[in-house]
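Analysis of the macromolecular model
One letter stands for each residue in the lines below.
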Amino acid sequence: HGCKARPLILASCQISNMSSRGTKQKKGNVTNEQEEEDQPLQAVLIADSFNRRFFPISKDQPRALLPLANVAMIDYTLEFLTSTGVQETFVFCCWMSNKIKDHLLNSKWCRPTSPNVVHIITSDLYRSLGDVLRDVDAKTLVRNDFILVYGDVVSNIDVSQALQEHRHRRKVDKNISVMTMVFKESSPGHKSRCEEDDVIVAMDSKSKRVLHYQKTQGLKKLQFPMNIFQHGSDEFEIRHDLLDCHISICSPQVAELFTDNFDYQTRNDFVRGILVNEEILGNQIHLYVTNEGYGARVSNLQMYDSVSSDLVRRWVYPLTPEANFTDQRGQGCAHSRHNVYRGAGVSLGHGSQMEENVLIGRDTSIGANCHISNSIIGNYCTIGDNVVLDRAYIWNNVHISNKVKIHQSVVCDGVLVKEAVLLNKQCVLAYNVVIGPNMSLPEGTVVSMHHPEEEEDDDDDEFLSDDQVVGNSKDKTKQKAFNPAEVGSEGKGYIWKASLDEAEDEELAQCIWGLVLNPDPDSDSESEASDGSQDMGSRSVSPEMDDVKVFQLEVLGTLQRGEEENIGCDNLVLEINSLKYAYNITLKEVMQILTKVVLEYPFQQQGTKLSSSQYTVLLLPLLKKWSPVFKNYIKRAQDHLDCLSAVEELFLEQETHQTAMVKVLMNMYQLEILEEDAILKWFSAGATTDKSRQLRKNQGLQKFIQWLKEAEDESSEEGE
Amino acid sequence: MPGADKETDLSERIEAFLADLKRGGSGTGPLRGSGEMARETTALLRRITAQARWSSAGDLMEIIRNEGRRMTAAQPSETTVGNMVRRVLKIIREEYARSRGSSEETDQQESLHKLLTSGGLSEENFRQHFASLKANVIEAINELLTELEGTTDNIAMQALEHIHSNEVIMTIGRSRTVEAFLKDAARKRKFHVIVAECAPFCQGHEMATSLSKAGIETTVIADAAIFAVMSRVNKVIIGTQTVLANGGLRAVNGTHTLALAAKHHSTPLIVCAPMFKLSPQFPNEEEIFHKFVSPHEVLPFTEGEILSKVNVHCPVFDYVPPELITLFISNIGGNAPSYIYRLMSELYHPEDHEL
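Residues numbered from 1 in each chain as written. Chains lettered and ligands numbered in written order. Predicted model: local features only at pLDDT ≥ 70, side-chain atom pairs only at ≥ 80, totals over all residues. Heavy atoms only, no water.

Moving on, we come to the overall build of chain A. Helix and strand counts for chain A stand at 27 helices and 35 strands. Relative to its full complement of 720 residues, chain A shows a buried share of 54%. The long-range share in chain A, meaning contacts at least 24 apart out of those at least 6 apart in sequence, stands at 61%. Of the roughly 31,300 Å² of accessible surface on chain A, 48% is carried by carbon and sulfur atoms. (Helix = DSSP H or I, 4+ residues; strand = E, 2+ residues; numbered from the N terminus. Buried < 20%, exposed > 50% of the residue type's maximum accessible area, 1.4 Å probe, protein only. Contact = heavy atoms within 4.5 Å. Areas by Shrake-Rupley, 256 points an atom, 1.4 Å probe, with all protein chains shown as cover.)

A few words on the overall build of chain B. Counting its regular elements, chain B contains 13 helices and 10 strands. In chain B, which comprises 355 residues, the share counted as buried stands at 52%. Within chain B, counting contacts between residues at least 6 apart in sequence, those at least 24 apart form 81% of the total. Accessible area for chain B stands at about 15,800 Å²; split by element, carbon and sulfur atoms hold 51% of it.

Following the sequence through the fold, Val-276 of chain A ends up in helix 10 (residues 267-276). C-alpha of Val-276 of chain A to C-alpha of Leu-211 of chain A: the two residues are 65 residues apart in sequence and 9.6 Å apart in space.

Listed by partner, the interface residues are 29 residues for chain B and 36 residues for chain A. A buried area of about 2,700 Å², summed over both sides, lies between chain B and chain A, and 55% of it is on carbon and sulfur atoms. Among the residues chain B hides against chain A, the three largest losses belong to Lys-22, Arg-23 and Phe-301 of chain B. Together they make up 27% of the total. On inspection of chain B and its partner chain A, the count reaches 0 salt bridges. (Buried area = accessible area lost by both parts, 1.4 Å probe. Salt bridge = Lys/Arg side-chain N within 4 Å of Asp/Glu carboxyl O.)

A word on the confidence of the model for chain A. Scored by pLDDT, chain A has a mean of 78; 82% of the residues are at 70 or more. The low-confidence segment residues 514-544 of chain A, where pLDDT is below 50, has 47 contacts with residues more than four positions distant or belonging to other chains. (pLDDT = per-residue confidence, 0-100.)

Let us look at the nonpolar core. Counting 110 residues, the largest nonpolar core has Ile-74, Ile-147, Phe-270 and Tyr-304 of chain A as its most contacted members. Sequence-distant contacts of Ile-74 of chain A, defined by excluding residues within four places in its chain, comprise Leu-45, Ala-47, Ala-64, Leu-65, Val-91, Ile-100, His-103, Leu-104 and Gly-151 of chain A. (Core = buried A, V, L, I, M, F, W, Y, C linked by side-chain atoms within 4.5 Å.)

A word on the environment of Arg-342 of chain A. Note on placement: Arg-342 of chain A falls in strand 16 (residues 340-343). Separated by 19 residues in sequence, Arg-342 of chain A and Gly-361 of chain A place their C-alpha atoms 6.5 Å apart.

The next subject is the packing of helix 22 (residues 612-633) of chain A against helix 24 (residues 658-670) of chain A. Residue and element names in this part refer to chain A. For the pair helix 22 and helix 24, the least separation of the axes is 10 Å and the interaxial angle reads 25°. Viewed along their axes, helix 22 and helix 24 adopt a mutual orientation that is roughly parallel. Handedness of the helix 22/helix 24 crossing: right-handed. Of the residues in helix 24, those in contact with Ser-612, Tyr-615, Thr-616, Leu-619, Leu-620, Leu-623 and Phe-630 of helix 22 are Thr-659, Ala-660, Lys-663, Val-664, Asn-667 and Met-668. (Axes fitted to C-alpha atoms, helices over the stretch in contact; angles between N-to-C directions. Parallel < 35°, antiparallel > 145°, perpendicular 65-115°, else oblique. Left-handed = near helix turned anticlockwise from the far one by under 90°.)

Here we take up the sheet that holds strand 8 (residues 317-320) of chain B. All names here are of chain B. The antiparallel open sheet is built from 3 strands, whose spatial order is 5-6-8. Both outer strands of the open sheet, strand 5 (242-243) and strand 8, are each paired with one neighbouring strand and no more. Examined bridge by bridge, strand 6 (residues 249-252) and strand 8 share 4 bridges and lie antiparallel to one another. Looking at strand 8, one finds that Leu-249 is bridged to Val-320. (Pairing = 2+ DSSP bridges.)

To continue, consider the pattern of salt bridges. Residue and element names in this part refer to chain B. Under the counting rule described, the total for this entry stands at 37 salt bridges over all chains. For the salt bridge of Asp-9 with Arg-13, the shortest nitrogen-to-oxygen distance reads 3.6 Å. Remark: Arg-13 and Asp-9 occur in helix 1 (residues 2-23); sequence separation between them is 4 residues, near one turn of the helix. Under the relative-accessibility criterion, Asp-9 is labelled partly exposed at 31%. By relative accessible area, which is 39% here, Arg-13 ends up partly exposed. Across the pair Glu-94 and Lys-90 runs a salt bridge, and its minimum N-O distance is 3.9 Å. Here Glu-94 and its partner Lys-90 are both found in helix 4 (residues 79-100), 4 residues apart, which amounts to about one turn of the helix. With relative accessibility at 10%, the residue Lys-90 sits in the buried group.

A word on the sheet that holds strand 7 (residues 269-272) of chain B. All names here are of chain B. If you trace the 7 strands from one edge of the open sheet to the other, you get 3-2-1-4-7-9-10, paired in mixed fashion. Each end of this open sheet is capped by a strand with a single partner; those strands are strand 3 (217-221) and strand 10 (333-335). Pairwise comparison of adjacent strand axes, ignoring direction, gives a mean angle of 25° for this sheet. Bridge count for strand 7 against strand 9 (residues 327-330) is 3 bridges, and the pairing is parallel. Across the sheet, Cys-272 pairs through a bridge with Ile-329, a residue of strand 9.

The subject of this paragraph is the packing of aromatic side chains. Counted according to the given criterion, the structure contains 18 aromatic pairs over all chains. Judged by centre distance (5.9 Å) and plane angle (85°), the rings of Tyr-264 of chain A and Phe-270 of chain A are edge-to-face. Relative accessible area serves as the criterion here: at 1%, Tyr-264 of chain A is assigned to the buried category. With a centroid separation of 4.8 Å and an interplanar angle of 45°, the aromatic rings of Tyr-96 of chain B and Phe-126 of chain B are classed as tilted. Taken together, the residues Tyr-96 of chain B in helix 4 and Phe-126 of chain B in the loop between helix 5 (112-117) and helix 6 (133-157) connect sequence positions 30 residues apart. Under the relative-accessibility criterion, Tyr-96 of chain B is labelled buried at 2%. Assessed through its relative accessible area of 8%, Phe-126 of chain B is described here as buried. Its guanidinium or amino end placed over the ring of Tyr-150 of chain A, Arg-297 of chain A lies 3.7 Å from that ring's centre, counting from NZ or CZ. Positioned over the ring face of Phe-317 of chain B is Arg-250 of chain B, at 4.6 Å from the centre of the ring. (Phe/Tyr/Trp six-rings, centres within 6.5 Å; stacked < 30°, edge-to-face > 60°. Lys NZ or Arg CZ within 6 Å of the ring centre and 35° of its normal.)

This part covers unusual backbone geometry. Residue and element names in this part refer to chain A. In this chain, Tyr-317 is followed by Pro-318 through a cis amide linkage whose omega measures 5°. Cis geometry is found at the peptide bond from Gly-436 to Pro-437, where omega equals 0°. With respect to the element layout, Pro-437 can be found in the loop between strand 32 (434-435) and strand 33 (439-441). Located in the positive-phi region is Lys-208, a residue other than glycine, with phi close to 60°. Along the polypeptide, Lys-208 turns up in the loop between strand 9 (199-204) and strand 10 (210-215). Its identity as a non-glycine residue notwithstanding, Gln-408 has a phi of 35°, on the positive side. Looking at Gln-408, the relative accessible area reads 7%, which means it is buried.

Residues and elements named next belong to chain B. Two numbers describe how helix 8 (residues 176-186) lies on helix 9 (residues 203-213): the axes approach to 10 Å, and their chain directions differ by 25°. Put simply, helix 8 runs roughly parallel to helix 9. Considering how the two elements wind past one another, helix 8 and helix 9 form a crossing that is right-handed. Here Val-178, Glu-179, Leu-182 and Lys-183 of helix 8 lie close against helix 9, whose contacting residues are Met-207, Ser-210 and Leu-211. Partitioning the contact of helix 8 with helix 9 into residue classes produces 4 nonpolar, 1 polar and 2 charged. (Nonpolar A, V, L, I, M, F, W, Y, C, P; charged D, E, K, R; others polar.)

This next bit is on the state of the cysteines. Residue and element names in this part refer to chain A. For the structure on display, the rule yields 0 disulfides over all chains. Here Cys-93 stays free of any disulfide, with the sulfur of Cys-94 as its closest cysteine sulfur at 8.8 Å. Given the relative accessible area of 1%, Cys-93 is considered buried. Counting only cysteine sulfurs, Cys-381 is the nearest neighbor of Cys-333, a cysteine outside any disulfide, at a range of 14 Å. Residue classification places Cys-333 among the buried residues on the basis of a relative accessible area of 16%. (Disulfide = S-S within 2.5 Å.)

A few words on helix 3 (residues 57-74) of chain B. For helix 3 of chain B, which comprises 18 residues, the first-to-last C-alpha distance of 25 Å matches the rise-based estimate of 26 Å (1.5 Å per residue) to within 8%. Within the sequence span of helix 3 of chain B, burial applies to Ala-57, Gly-58, Leu-60, Met-61, Ile-64, Arg-65, Glu-67, Gly-68, Met-71 and Ala-74 of chain B. (Expected span 1.5 Å × (residues − 1).)

This part covers the confidence of the model for chain B. All names here are of chain B. Of the residues in chain B, 89% have a pLDDT of 70 or more, and the chain-wide mean is 87. In this model, residues 25-30 is a region of pLDDT below 50 whose contacts with residues beyond four sequence positions or in other chains number 18 contacts. The complex model carries a pTM of 0.74, and its ipTM stands at 0.87.

As C-alpha cells, then:
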C-alpha cells in the first residue's frame with residue numbers, strides 16, 4: 001500500500017552507553033550461568049495498540065501519549081519497567097512514531113542518568129504484535145529473557161518473583177517454558193476487568209502450567225478438551241477470576257517462534273498456537289497469579305475511566321498523581337483529604353466544591369459555585385461558574401463556560417464547551433471541537449474535527465502516514481460545513497455516525513466505550529482463516545463457528561492466496577479437498593460453497609458497493625481462471641443443478657445485481673462449467689418460491705434461455 | 001575525561017537514590033529502617049561533598065540544599081532525609097567558621113545584640129576559599145556517620161534503667177529501635193510484652209515473632225483491645241517515624257489511640273527515638289504530614305464490584321500530641337517533650353529549617 005519502511009533510529013550515544021555497560025559486566029563473570037544471571041534485564045514495549053478503540057481521539061495523538069491522570073500512558077509503563085529493574089527497553093512505534101519519539105527524548109527516560117536505557121525503534125510496517133516480535137528476532141535485539149508489555153499498561157506489580165520463577169523453570173527443564181504471563185486476581189464484575197480480555201484458563205496447580213486458554217467474550221458455552229484433564233498432574237485449576245495485566249515474561253524463543261509462525265498476529269494467537277502444538281514442539285506457557293499490586297491495560301475508554309479512577313484512588317501507589325514520578329517541572333501537586341489533588345497555581349472560585357477523587361492540573365482556574373467530583377482536569381483549563389462535573393476527564397487547555405454539565409465523558413485538548421451545554425454519559429469530544437451554546441448531547445455522542453467519511457476513505461489502509469491524513473482532512477473540512485443541529489449554533493466538529501439510526505449509534509458508543517467489540521470484518525475473517533489453517537485441531541477445542549462456516553472462510557482464504565501467489569488450479573483443488581475432509585463437508589456442500597465464495601469474491605475484495613457492470617468485469621476473469629476447479633467438482637447432472645441453485649440463491653440475496661446473473665451463467669456455459677440441459681432444466685423446474693419465479697422473469701435471463709433453446713435446436717438439427 | 005565520568009557517576013547515584021525514595025514504602029512506610037535511610041543519605045551527601053565542583057562553602061551549601069530539596073520532595077514522609085541534609089549543612093557552617101578562626105560554638109547562643117549587629121552575615125561570608133575545608137567537612141560527616149551507626153546501641157544501652165523485672169510492657173507495630181531496646185533489657189530481666197498488631201499492615205506480628213525468638217514472653221492483641229488491656233500495663237514503649245518540633249510524634253497509625261489509653265490509665269509512655277528523627281516540622285503542615293498508600297490492605301482489590309461503590313482510604317501515620325508523652329529516650333539520653341525545641345536548636349541551624 002505504498003508504505004515505505006523508515007530507517008530505524010537508534011540514538012548512537014545510547015548504543016555506546018550500552019556497550020560500555022556490557023563490557024563492565026562481562027569482566028566480572030567466570031561461568032556462563034553467572035553471565036546469564038547478570039545480564040541486564042530487557043523489555044520490549046509496544047507503543048502502538050494496532051486497533052482503533054480510541055479512534056477519533058487517536059487520529060491526532062497516538063494512544064501511548066494520551067494523558068491518564070495528566071501523565072502520558074507510556075510514562076506509567078516505563079516507570080513500571082524501570083522499577084522492576086529493567087535496564088534496557090526497546091520502544092517500538094508505528095502510528096505517529098515521531099510524536100512518541102519526541103515525547104521520549106524530552107522525558108526523564110532519555111537523560112543520561114536514567115537507569116533504564118530506552119531505544120526507540122520506528123517502522124511503518126508494523127501491523128501487529130507479531131510483526132514487532134519478528135523484527136526483534138530479525139535484529140536479534142534480545143539476548144535473554146525479556147518483559148513484553150504494551151505502551152498503555154499501568155502497573156505497580158513486582159514481577160521479580162515471576163521472573164525468578166520463570167528463570168528457575170527454564171533452568172530445571174531446559175528451555176521448555178517459553179512465556180510466563182502475569183495475571184492478577186480479581187473477581188468477575190470488577191470494574192477494572194476489561195471484557196474484551198476476559199479469559200478462562202485451565203492450569204496445573206503445582207507447576208502453574210497453562211493447559212487451556214480461552215477468551216470468553218461473547219461465548220455462552222465453553223468446551224474443554226478432555227486430554228488436558230487426563231495427562232498432567234493430579235491437581236489443576238480452572239479460573240475465571242483473573243485479570244490479564246498484559247505483562248508477559250518471554251524467553252528469546254518467543255521472538256523466534258513468531259518468526260517461524262508468520263501468521264501469529266497477537267499474543268492470543270501465540271498462546272493458542274503453543275498450546276495446540278505443545279506435544280509437537282514441547283513448548284509450554286506458564287502463569288503467574290498475584291493478588292498484590294495493580295496491573296491493567298487501558299484498552300478502551302471504559303478501561304480509561306476505571307484506570308483513571310483507580311489512579312486517583314491510589315490503588316497504584318506509589319504511582320500516585322502527587323508523586324510526579326516523571327520529574328516534569330511544575331507537574332507536582334498536593335494531595336489533601338478525600339483524594340483531592342491540586343496542582344500549582346490552581347484557583348477555585350467562591351462556593352465551588354471539590355467533593356472527592358478530583359485531580360486538577362496546574363494553572364487551571366475554576367469559577368464560582370462549581371460542583372466537581374470523581375473528575376480529572378488537566379493543565380491550563382478554564383472552567384466557568386455553576387459547572388457540574390462528574391466522572392469527567394478533561395485534558396489540557398480546555399475552556400468550559402458557565403452552567404455546563406458533564407457526566408462521564410472525555411473532553412480532549414483544546415475543546416471549547418460553550419454555555420449551558422449538557423454532556424450525557426459516554427460522550428467524547430475529540431481535539432479542538434467547539435460545542436454549544438444551549439444544547440444537550442445525547443448519550444454516547446462522539447464529536448471530532450475529522451469528518452467520519454474521510455475516515456471511511458482510508459479504511460483499507462489504517463496505517464497511512466500522518467501527512468497524508470492531514471492532507472486529506474484539509475480538503476474535506478473545506479468541503480463540508482458543520483451541522484448546527486448537531487454541535488450547536490457556534491459549534492465546530494462532526495458527529496461520528498450519529499446520522500445513522502439509533503441502533504448503530506448505540507453500537508458505536510458501546511464500541512468505543514469497550515462494551516462490544518466491532519472489529520473490522522475483513523481483518524477478522526483473515527485472522528480466522530489463518531488461525532484455522534495453522535491449527536485444525538483447535539477447532540474441536542473452540543466451536544465458536546460451525547464447520548460449514550469455517551469451511552467457507554477457509555475456501556475463501558485458499559482462493560485469495562491462490563490469486564495472490566498464482567497457485568495452480570490443481571493445487572487449489574488439492575487444498576479444498578483436504579479442507580473438505582478436515583471439516584467433514586459433503587460434496588454437495590463443497591460445490592455450493594465454492595460457487596458462493598467465487599461469486600462473492602469481488603464483493604469480498606472491493607466492498608458491496610460495486611455496480612453490476614463493475615462486478616461482472618471483476619468476476620469474469622476469475623471464473624475463467626478457476627474454471628478447472630469448478631469442472632473438478634461439477635460432473636454429474638445433479639451437480640450442475642446444485643451449482644445453479646447456489647447461483648440462484650446468491651443472486652436472490654444480491655437483488656441489485658440480477659442483471660449480472662445472465663452474464664455469469666452465459667460465461668459458465670461458455671467455459672463449459674455448466675451444460676445447457678442443466679440450465680434449461682433448472683429454469684423450467686427450479687422455481688419454488690415467489691422470488692425465484694420473479695427472478696426467472698428477468699428479461700435478460702429469458703433471452704439467454706431463448707438463445708440456449710435455439711442453439712440446442714440448431715445443434716440437434718445439425719446432428720440429424 | 002575522568003572528571004566528567006565522575007560527575008555522571010555522581011548524578012546517576014543521586015537519581016537512583018531519588019527513584020528509590022519515590023518507590024520506597026509501598027506498604028508500611030519505609031522498606032528500609034529510617035536508621036539505614038539516614039546513613040545512606042549521609043553517605044550520599046559525603047559523596048557529593050567529595051565529588052561535586054565547588055570552591056567555597058557557599059557553593060557547597062547551595063548544591064547540598066538543592067539536592068536536599070529534591071530528596072525531600074521525592075518522599076516528603078521520609079523526614080530523616082531532610083534532617084540529615086540539615087545536619088550536613090550545619091557541619092559545613094561550623095567547619096567554615098572554624099577555618100575562619102572565629103569562635104566555634106559560642107555563636108550557638110546568639111545574643112540579641114549580636115543578632116542586631118550581624119546584619120548581612122549569612123551568605124557573603126561563606127565565599128572565602130579554604131583549601132582544607134573539603135577534608136574537614138568530610139571528616140565531620142564521617143563522625144556523623146559513626147554517630148549514626150551507634151544510635152540504636154546507645155538507646156538500647158539505657159534499657160535497664162527503664163525496664164524492671166516482672167513488668168508488663170505494651171508496644172505497637174514494629175520499630176527496630178524498640179525491638180533492640182526490649183531485647184537488650186531481656187538479657188538481664190524477665191518481663192512481659194504485649195504487642196498491638198497495628199492493622200492493616202500488622203507489623204506487630206513480625207515484632208512479636210522476633211521478640212519471642214529472643215525469649216521474651218510476648219502476647220499479640222488486636223488494636224481494638226488496647227484500651228481493655230491497658231489497665232494491666234506498667235509502661236508503654238513505642239517507636240516513631242518523626243519527632244516534631246513541638247515534641248509531638250508522627251507515628252504509625254493507631255499510636256494516638258494507644259497514647260490516649262495510656263493517658264487515661266496514667267501509664268507512662270516512653271518514646272524511643274534516635275536524634276536523627278528530630279525534625280523542625282510542625283504538625284500543622286498538613287500536606288506533607290499525611291501519607292496515604294494503596295487501599296489494598298483495607299479492602300483487597302480482588303473484592304470486585306463493591307470497589308466501584310465505596311471510597312477506601314489507607315493512611316499510614318497518626319499525630320500524637322506532646323502532652324500524651326512522658327519521656328523521649330534518644331541516643332544522648334532521656335528528655336521530656338518540652339525539651340525537644342532545645343535539642344532541635346542544637347542540631348540544626350535556624351536558617352536551614354526551610355531547605
